[in-house]
Amino acid sequence: MATVADIGVSAAINILLAFAFLIAFALLRIQPVNYRIYFPKLYINNGRTSPRSPGNFLEKYVNLNFKTYLTFLNWMPHAMSMNETEIIKHSGLDSAVFLRIYYLGLKIFVPVTIVALFILLPVNVSSGTLFFLRRELVVSDIDNLSISNVPPKSLRFFVHIGLEYLFTIWICFLLYKEYDYVALKRSNFLASQRRCVEQFTVLVRSVPHTSGHSVSDSVNSFFQTNHPDHYIGHQAVHNANKLGNLASRRDRLKNLLDHYRLKFQKHPHTRPTIKTGCLGLCGRKVYAIEYYEQHLKAIVKKMTLEHQKIIKDPESILPVAFLCFNSRWGASVCAQTVQSRNPTLWLTDWAPEKRDIYWRNLTIPFVSLTVRKFIITLLLFALVFFYMIPIAFVQSLANLDGLEKVAPFLTPVIEMKFIKCFLQGFLPGLVLKIFLYILPSGLMIMSEVEGYITLSTLEQKTAEKYYYFMLVNVFLGSIITGTAFEQLDAFLHQSPTQIPRTIGVSIPMKATFFMTYIMLDGWAGIACEILRVKPFFIYHLKNMFLVKTEGDRQKAMEPGSVDYPETLPSLQLYFLLGIVYAIMTPILLPFILIFFVFAYLVYRHQVINVYTQRYESAAAFWPQVHNRIIASLLISQLLLLGLLSTKEAVKSTPLLLMLPILTFAFHKYCQSRFEPSFRKYPLEEAMEKDLLQKTTEPDLNIKAYLADSYLYPNLTSFEEIEEELVELEKVEVKVDKNQTPHVASPMLSESSSPFPSPLHHIHQHQPSPSPLHHIHQHQPSPQEYYYNPPSPHYDYQYQDQP
């Protein structure tokens, strides 16, 4: 069990790590060579290609303005400079609501911490029960601050029960206000959206096979019959995997061609050459530009032929389609109603925005979805219990005193002071963090196998699985196995009737392990988050060895987005720990409070300057967050109820019986009051927006507007392929014929010229507005970023390349 000295060693190590990470970040962020790592949004939003810094060569990579080093902590006030409305415009509603979770944690735990420390701590400390149990149980000085120090049958338990009621009322009040606020923000956000294709589009899956009819014919026949006034057509989904492979090869060739054209622009008197053999080390020598141009033309011609083959083959059409409607009202009715007598066929739902679609899962049939979910549930159950083994190992590290009593031969090693403090104070949290590191990736794969069709749902379901894992293994598993290891000697030598009392006394004492975990994950871990260690090394390694063009550089600096599958469950674990131990061991609350303050500051900076959204779900994850906090309240109440029963508090325990019932009733009310606005779209609002559109855009051609809006990513429109081939035919590289000797050009097989478009149902592509057209393009100040103004033109001079 961790003592005060162990906690001190852990705190010292983690605080030093956190300060080291923060100082490293503050210094690295102002170096021009790192701008793309710590301010990628400046490049993405403004189309910036490279930072410009006048002066000598060194100034392009190193900040030589020493005044900026004196203000290296100014990122903190800048992180707080945007209000919520600006964050929504800049980064979207998902990011703004994500930050509100941390703000909610602050609103909950600031008053709870003050009340618990000033009222509960004196009550617990003055009892002195653990002093008389030191011979039976393994205890530390910190445990004297917990409810375990209160003697059985004590009237002091009325204080704990009263505060449990008070804290529950306060948390429920804040949850209600927050749910109402987020629901209103979501409603206003959706209402303020300009016209976008997903408002008029419905996704239909499980299209039944009809003999003698194609999928397209079946879809048209069914929806023209059942939605005659609003259905105007559909966009089929094709199996275009081969075309996608060709497109990937084309992109690689274009990237190489851009690279050698860039080299030729820099040195126009020397034509770049390559060898055609393995890895460019052997084979005949050819001119690089002509070589890649000819190969690119060949690939594009193959794409043209493959495109026609896909379109002409009815077998390539998958049993799923995107339905187009002439009004939002018509799309709402179709998306939110049952279409067939057989509820497993013609499954309709709102079409997500295109960047949110997980295309691979669109064609999974209904029966297969049920089987997949059952199998994944069994695998998740097995995984949760399999992970009990490493959790038990971690707890054995955290509870050396209990092991010493059972295995005295370990005493000489364990009793070395620094080793013991390190093993009990720092190592358990580190080992647990390592075991948890690889888990979210595996859970994401399990969610993909289950068959969810949007990235947002995939991340929500992965977060749900990870939360269950954290609840069972990290929280309950640590308590159960930790109690077993701590009191192993007591369990072996006392009568079975005393075991419940031992467990009841020991559960609050597990707060010391969670303190070490919070300091590692919530303090040093959050500081590591802002330093971006992994992206830092990945970018510079790619920049050194792989980056050849601006496209390569954009991929290398990919900023990513908030990692919801891992971040949300971890955040919910902190709510759980704070709510449970607020009554049992209130000394844990300052550790939780420091985490929320620090994390709120760091993630504001990351959302404003770093992360870009992969999709916009309009805060669809908030009901899950609300439900988890309610679950934390119920767990807290039930654990306190069980703990008091082991304390023989017969007079006070019955007062707690009503609290879980009232909490659950509050949850059901919030669920019925707010959750429908996160699951459905009101017809009233759809009709209002339709009427407004008729007034403001009376001549809008909806059919042309929706054309190709949900084209399968691999199925590039025919017109785009044709235009690309025409552009390639026009390209001529100007060279000095007398400068370089003739080099043999690669031979290409004869290929057909591009065909005219044969498709009457593939409309001319109309560029649709960006899904984030409402996002305000943030214009940062020079004082914030230490940049010169962005260059208005594109060029190939990458001044930030090492």
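Residues numbered from 1 in each chain as written. Predicted model: local features only at pLDDT ≥ 70, side-chain atom pairs only at ≥ 80, totals over all residues. Heavy atoms only, no water.

Caption draft 1: The arrangement of the overall build of the chain in detail. Counting secondary structure elements, the chain contains 34 helices and six strands. Within the span of the chain, comprising 802 residues, buried residues form 53% of the whole. Pairs at least 24 residues apart make up 85% of the contacts formed inside the chain by residues separated by at least 6 positions. (Helix = DSSP H or I, 4+ residues; strand = E, 2+ residues; numbered from the N terminus. Buried < 20%, exposed > 50% of the residue type's maximum accessible area, 1.4 Å probe, protein only. Contact = heavy atoms within 4.5 Å.)

Caption draft 2: Just helix H31 (residues 683-696), in detail. Taking 1.5 Å per residue, 14 residues should reach 20 Å; H31 reaches 20 Å between its end C-alpha atoms and fits that length. For H31, the set of buried residues is Glu 685, Ala 686, Lys 689, Asp 690 and Gln 693. All buried residues of H31 project into a common sector of 140° when viewed along the axis, lining one side. Structural note: H31 exposes Glu 684, Leu 692, Lys 694 and Thr 695 on the side pointing more than 90 degrees away from its buried face. Elements in contact with the buried residues of H31: helix H8 (157-192), helix H12 (328-335) and helix H32 (702-706). (Expected span 1.5 Å × (residues − 1). Arc of directions from axis to C-beta.)

Caption draft 3: Here's a closer look at the nonpolar core. With 140 residues, the main nonpolar core has Phe 98, Phe 475, Tyr 581 and Phe 596 as its most contacted residues. In contact with Tyr 581, not counting residues within four places along its chain, are Phe 475, Ile 479, Ile 507, Pro 508, Lys 510, Ala 511, Phe 514, Pro 586 and Leu 588. By size, the runner-up hydrophobic cluster in this structure holds 37 residues, among which are Cys 196, Val 286, Cys 324 and Tyr 710. (Core = buried A, V, L, I, M, F, W, Y, C linked by side-chain atoms within 4.5 Å.)

Caption draft 4: Region of interest: the layout of surface pockets. Taken as a whole, the second largest pocket holds about 1,700 Å³ of empty space. As for the second largest pocket, its lining consists of 47 residues, of which Tyr 437, Glu 529, Lys 534, Asp 563 and Glu 566 are closest to the centre. For the lining of the second largest pocket, the leading source of residues is helix H23 (residues 511-531), giving seven residues. Looking at the lining of the second largest pocket residue by residue, the class counts come to 27 nonpolar, seven polar and 13 charged. (1 Å grid on protein atoms, 1.4 Å probe; cavity = no way out; pocket = protein on both sides within 12 Å on 5 of 7 lines; lining within 4 Å. Points joined across faces, edges and corners; volume = space filled by probe spheres on them. Nonpolar A, V, L, I, M, F, W, Y, C, P; charged D, E, K, R; others polar.)

Caption draft 5: The arrangement of the packing of aromatic side chains in detail. Taken as a whole and assessed by the stated rule, the structure comprises 38 aromatic pairs. An angle of 65° between the planes, with centres 5.8 Å apart, marks the rings of Tyr 179 and Phe 678 as edge-to-face. With Tyr 179 in helix H8 and Phe 678 in helix H30 (residues 676-679), this pair connects stretches of sequence that are 499 residues apart. Like Phe 678, Tyr 179 is buried. An aromatic cluster of three or more residues is present, and its members are Phe 98, Tyr 102, Phe 109, Tyr 564, Tyr 574, Phe 575, Phe 595, Phe 596, Tyr 603 and Phe 621. Sitting over the ring of Tyr 705, Arg 195 keeps its end group 4.4 Å from the ring centre. Directly above the ring of Tyr 287 sits Arg 271, whose terminal nitrogen or CZ lies 3.5 Å from the centroid. (Phe/Tyr/Trp six-rings, centres within 6.5 Å; stacked < 30°, edge-to-face > 60°. Lys NZ or Arg CZ within 6 Å of the ring centre and 35° of its normal.)

Caption draft 6: Fine view of the sheet that holds strand S6 (residues 347-350). Judged by pairing direction, the sheet is antiparallel, and its four strands sit side by side in the order S2-S5-S1-S6 without closing on themselves. Two strands bound the open sheet, and with one partner strand each, they are strand S2 (231-238) and S6. Between one strand axis and the next, the sheet turns by 30° as a mean value, whatever way the strands run. As paired elements, strand S1 (residues 201-205) and strand S5 (residues 317-325) share four bridges and run antiparallel to each other. The partner of Val 204 across the bridge, within S5, is Ala 321. Its contacts with the sheet place helix H9 (residues 215-226) against S1, S2, S5 and S6, and it is angled at close to 155° to S2. (Pairing = 2+ DSSP bridges. Axes fitted to C-alpha atoms, helices over the stretch in contact; angles between N-to-C directions.)

Caption draft 7: Summary view of the pattern of salt bridges. A full pass over the atoms with the stated rule returns 15 salt bridges. Between Glu 697 and Arg 195 there is a salt bridge, with its nearest N and O atoms 2.6 Å apart. Here Arg 195 lies in the loop between H8 and S1 and Glu 697 lies in the loop between H31 and H32, a separation of 502 residues in the sequence. Of the charged contacts, one joins Lys 461 and Glu 464 as a salt bridge, the two residues approaching to 3.8 Å between their closest N and O atoms. In this pair, Lys 461 and Glu 464 are both assigned in helix H20 (residues 455-486), three residues apart and thus about one turn of the helix distant. The class of Glu 464 is partly exposed, set by a relative accessible area of 22%. One salt-bridge network, in which partners are shared between bridges, spans Glu 84, Arg 100, Lys 107, Glu 178 and Lys 185. (Salt bridge = Lys/Arg side-chain N within 4 Å of Asp/Glu carboxyl O.)

Caption draft 8: Up close: the confidence of the model for the chain. Considering every residue of the chain, the mean pLDDT works out to 78; 77% of them sit at 70 or more. The lowest-confidence element of the chain is helix H34 (residues 782-785), averaging 32 in pLDDT; the highest-confidence one is helix H29 (residues 658-674), averaging 95. A low-confidence stretch, residues 131-135 stays under pLDDT 50, and its non-local contacts, those more than four residues away or across chains, total four contacts. (pLDDT = per-residue confidence, 0-100.)

Caption draft 9: Highlighting the pairing of S5. Most of S5 sits inside the fold, with eight of its nine residues counted as buried. Relative to S5, S2 is paired through six bridges, and the arrangement is antiparallel. Across the sheet, His 238 pairs through a bridge with Ile 317, a residue of S5.

Caption draft 10: Representation of helix H10 (residues 241-266). Taking 1.5 Å of rise per residue, the 26 residues of H10 would be expected to cover 38 Å, and the 38 Å separating its terminal C-alpha atoms lies within 8% of that figure. The complete set of buried residues in H10 reads Leu 243, Gly 244, Leu 246, Ala 247, Arg 250, Leu 253, Asn 255, Leu 257, His 259, Tyr 260, Leu 262 and Phe 264.

Caption draft 11: Summary view of unusual backbone geometry. The backbone phi angle of Arg 532 is positive, close to 55°, even though this residue is not glycine. One can find Arg 532 in the loop between H23 and helix H24 (533-545). Taking relative accessible area as the criterion, Arg 532 reaches 7% and is therefore assigned buried. Look at Ala 619: it is not a glycine, yet its phi comes out positive at around 65°. Structurally, the position occupied by Ala 619 is in the loop between helix H27 (589-609) and helix H28 (622-646). Judged by its relative accessible area of 0%, Ala 619 is buried.

Caption draft 12: A look at the environment of Val 115. Relative to the helices and strands, Val 115 is located in helix H7 (residues 93-125). Once the C-alpha coordinates of Val 115 and Phe 167 are considered, the two residues, 52 residues apart in sequence, prove to be 9.5 Å apart. Setting aside chain neighbours within four positions, we find Val 115 in contact with Leu 120, Leu 163 and Phe 167.

Caption draft 13: Up close: the environment of Arg 532. On a C-alpha basis, the gap between Arg 532 and Tyr 38 in space is 8.0 Å, while along the polypeptide they are 494 residues apart. Beyond its immediate sequence surroundings of up to four residues, Arg 532 is in contact with Ile 37, Tyr 38, Glu 558, Pro 559, Gln 606 and Val 610. Within polar-contact distance, the side chain of Arg 532 engages the backbone oxygen of Pro 559 at 3.0 Å. (Polar contact = N/O pair within 3.5 Å; in protein donor to acceptor, adjacent residues only side chain to side chain.)

Caption draft 14: Structural view of the packing of helix H6 (residues 84-91) against H27. Where H6 meets H27, the axes come as close as 9 Å, and the angle between the chain directions of the two elements is 45°. Here H6 lies oblique to H27, going by the angle between them. Contacts between H6 and H27 involve Ile 87, His 90 and Ser 91 on the former and, on the latter, Arg 604, Val 607 and Ile 608. Split into classes, the residues belonging to the contact of H6 with H27 amount to three nonpolar, two polar and one charged. (Parallel < 35°, antiparallel > 145°, perpendicular 65-115°, else oblique.)

Caption draft 15: Up close: the environment of Thr 516. Considering the arrangement of structural elements, one finds Thr 516 in helix H23. Residues Thr 516 and Val 9, 507 residues apart in the sequence, show an inter-C-alpha distance of 9.7 Å.

Caption draft 16: View of the side chain of Thr 201. By the secondary structure assignment, Thr 201 is in strand S1. Classification of Thr 201 as buried rests on a relative accessible area of 0%. Ignoring sequence-local partners within four residues, the contact set of Thr 201 consists of Phe 322, Leu 323, Ala 331, Trp 350, Ala 351, Leu 706 and Tyr 710.

Caption draft 17: Structural detail: the side chain of Ser 709. For Ser 709, the position within the fold is in the loop between H32 and helix H33 (718-730). The exposure class assigned to Ser 709 is buried, which follows from its relative accessible area of 9%. Polar side-chain contacts of Ser 709 include one of 2.8 Å to the backbone oxygen of Leu 706. If we skip the residues at most four places from it in the chain, Ser 709 touches Val 197, Gln 235 and Lys 354.

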